[in-house]
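Single-letter residue listing:
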Amino acid sequence: MPRSEYVESIRSRIGQDLLLLPGVTAVIREGERFLLARHEHSGLWSLIGGAVEPGEEPGEAVLREVMEETGAKIRATGIVGVYGGEPMMVEYPNGDRVGYITTAYECELLSDAEPDMEELLELGWFERSQIGTLPRRTWIDRVIADAPRREDMAAEVGC
């Protein structure tokens, strides 16, 4: 998806300098398998997400980003955490530098997901133990580690 008008207007003034943007990340899983996407611009695996648009609620942004990139509907069921700093810095192939501050949402997949073949080239389900072996954005390790294990969640509610 092309840059938003908002980002375009900022880029016209600051060029490729670092731009801090609010973002959202979808932590979609089935049991202990996580849905990851291989991104076109880097070839690396990561979680699905993107920037929050001006005036948009972050919870709405995560639903929109997943729909745009995979065609899937999701339900956000909670917040895993909020992440930023050096691991969230990205330099895109065109030289634009962005630092994201992302809210990671625990999500349920409600319909089939397919990569859009523009931003995402491939989708895959991975166990926690497999994720560390993938060529990936390493910031996702922290998000995955923070996502509660299903057995821990069941114990908390007395199941």
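The structure presented is a predicted model; accordingly, all values stated were derived computationally and were not measured.

*Asks:* How should I be thinking about the overall build of the chain in this particular structure?
*Replies:* Along the chain, the regular secondary structure elements total five helices and eight strands. Secondary structure elements of the chain, listed N to C terminal, follow the sequence α-β-β-β-β-α-β-β-β-β-α-α-α. Computed over C-alpha atoms, the radius of gyration of the chain comes to 16 Å, within 12% of the 15 Å expected from 2.2 N^0.38 for 159 residues, which places it in the range of a compact globule. Each principal axis of the C-alpha atoms in the chain carries an extent, and together these give about 55 × 35 × 30 Å. Within the chain, the fraction of its 159 residues that count as buried is 42%. Look at the contacts in the chain between residues 6 or more apart in sequence, and 71% of them connect residues 24 or more apart. Approximately 8500 Å² of the chain is accessible, and the part contributed by carbon and sulfur atoms is 52%.

*Asks:* Would you mind showing me how to read the packing of aromatic side chains here?
*Replies:* Within this structure, the stated rule accounts for one aromatic pair. Between W45 and F126 the ring centres are 5.1 Å apart and the planes differ by 75°, which places this aromatic pair in the edge-to-face class. Placement of W45 in strand β3 (residues 45-46) and of F126 in strand β8 (residues 120-127) is noted, with a sequence separation of 81 residues between them. Judged by its relative accessible area of 13%, F126 falls in the buried class.

*Asks:* Looking at this model, I keep getting lost on helix α2 (residues 58-70). Mind explaining?
*Replies:* Structural remark: α-helix, 3.6 residues per turn; residues separated by three or four positions point the same way. For α2, spanning 13 residues, the distance from its first C-alpha to its last is 18 Å, which sits close to the expected 18 Å at 1.5 Å a residue. Residues of α2 that are buried in the fold lie against β1 (19-30), β4 (48-51), β5 (74-83), β7 (97-109) and β8. Once α2 finishes, G71 follows within two positions and takes phi at roughly 75°, a positive value.

*Asks:* For this particular structure, what's the right way to read the side chain of H39?
*Replies:* Within the fold, H39 resides in strand β2 (residues 33-39). For H39, a relative accessible area of 12% gives the class buried. For H39, the residues in contact, after removing those within four places along its chain, are L44, S46, L47, E119, L120 and L121.

*Asks:* How do you make sense of the environment of D116 when you look at a structure like this?
*Replies:* Examined against the element boundaries, D116 turns out to sit in the loop between β7 and β8. Spatially, the C-alpha atom of D116 lies 24 Å from that of T133, the residues being 17 residues apart in sequence. Not counting chain neighbours up to four residues away, the residues in contact with D116 comprise E68 and E69. A polar side-chain atom of D116 sits 2.8 Å from the main-chain amide nitrogen of L120.

Cut-off values and rules
- Residues numbered from 1 in each chain as written.
- Predicted model: local features only at pLDDT ≥ 70, side-chain atom pairs only at ≥ 80, totals over all residues.
- Heavy atoms only, no water.
- Helix = DSSP H or I, 4+ residues; strand = E, 2+ residues; numbered from the N terminus.
- Rg over C-alpha atoms; globule rule 2.2 N^0.38 Å.
- Buried < 20%, exposed > 50% of the residue type's maximum accessible area, 1.4 Å probe, protein only.
- Contact = heavy atoms within 4.5 Å.
- Areas by Shrake-Rupley, 256 points an atom, 1.4 Å probe, with all protein chains shown as cover.
- Phe/Tyr/Trp six-rings, centres within 6.5 Å; stacked < 30°, edge-to-face > 60°.
- Expected span 1.5 Å × (residues − 1).
- Polar contact = N/O pair within 3.5 Å; in protein donor to acceptor, adjacent residues only side chain to side chain.

Geometric descriptors of this kind do not, in isolation, establish any biological role.
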